[in-house]
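# Observations on the three-dimensional arrangement
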Amino acid sequence: MNLSDFIRSVPDFPNKGIIYRDITPLLLNPEAMRFCVERFIEELPDIKIDKVVGVEARGFFFATLLAQRLDVGLVPVRKTGKLPFDRFQAAYDLEYGKDQLEIHQDAIKKGENVLIHDDVLATGGTAAATSQLVNQCGGNVIQYNFLLELKALKGREKIKDAPFIALLEY
């Protein structure tokens, strides 16, 4: 299956000069979604995964499916102010400023093996902040999964603590 057939390129969104890679057509196709989940599962190392971390918001789609398939818990990583219980926080750089992610402090137990999933690897800031949160909880990042990587933004340079896979590269 050619997954790139299911990625829509939207020029000048959200800003002029940016080409936004829209995964909505992929989400509309159950066969393409199943294919992605199977590819992600095939790429996992032969290590027990205890939790899948999904990054707000588009990372939740496949993180949920992966957690269900692996029969493990799903841990949401959210933007500030969205989680109601005791939280760890990690700041990261955006193109124009900073933002912050949060995780519930009790979401991951010390020593648990964690798979981090997000839709896109761009600059790597979100993935690195998510790794920091997993580490604050005492977890071990085993692998990062992304639907696609924007190679020119060199995000892989910020996530050298564990292997990663991206099903598509742009």
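Please refer to the structure placed before this passage.
Overview of the structure. (Residues numbered from 1 in each chain as written. Predicted model: local features only at pLDDT ≥ 70, side-chain atom pairs only at ≥ 80, totals over all residues. Heavy atoms only, no water.)

### Here's the deal with the overall build of the protein
For the protein, the helix and strand inventory stands at 4 helices and 9 strands. Its helices and strands in sequence order give the protein the pattern β-β-α-α-β-α-β-β-β-β-α-β-β, from N to C terminus. Here the C-alpha radius of gyration of the protein, 15 Å, is about what a compact globule of 170 residues would show, namely 15 Å. Burial status across the protein gives 43% buried among its 170 residues. (Helix = DSSP H or I, 4+ residues; strand = E, 2+ residues; numbered from the N terminus. Rg over C-alpha atoms; globule rule 2.2 N^0.38 Å. Buried < 20%, exposed > 50% of the residue type's maximum accessible area, 1.4 Å probe, protein only.)

### Some details on the sheet that holds strand β7 (residues 113-121)
Overall, mixed pairing links the 7 strands, which are arranged β5-β6-β4-β3-β7-β8-β9 in an open sheet. Bordering the open sheet on either side are β5 (87-94) and β9 (164-169), each of which pairs with just one other strand. For this sheet the average axis-to-axis angle between neighbouring strands, irrespective of direction, equals 20°. Helix α3 (residues 59-70) contacts β3 (51-55), β4 (73-79), β7 and β8 (140-149) of the sheet and is inclined by roughly 170° relative to β3. (Pairing = 2+ DSSP bridges. Axes fitted to C-alpha atoms, helices over the stretch in contact; angles between N-to-C directions. Contact = heavy atoms within 4.5 Å.)

### Notes on the packing of aromatic side chains
Scanning the entire structure with this criterion turns up 4 aromatic pairs. Measuring from centroid to centroid gives 6.3 Å for Tyr 144 and Phe 146, while their planes differ by 10°, and the two rings are stacked. Neither Tyr 144 nor Phe 146 differs from the other in exposure class; each is buried. Connected via pairs of aromatic rings, a cluster forms that spans Tyr 144, Phe 146 and Phe 164. (Phe/Tyr/Trp six-rings, centres within 6.5 Å; stacked < 30°, edge-to-face > 60°.)

### A short note on the pattern of salt bridges
Side-chain pairs of opposite charge can arise whenever the charged atoms involved come near each other. For the coordinates displayed, the defined rule picks out 14 salt bridges. For Lys 151, the salt bridge identified is with Glu 169, shortest N-O distance 3.7 Å. A residue pair is termed long-range when its members are at least 10 positions apart, and Lys 151 in the loop between β8 and β9 and Glu 169 in strand β9 qualify at 18 residues. What you see here is one network of salt bridges that share partners, running through Glu 149, Lys 151, Arg 156 and Glu 169. (Salt bridge = Lys/Arg side-chain N within 4 Å of Asp/Glu carboxyl O.)

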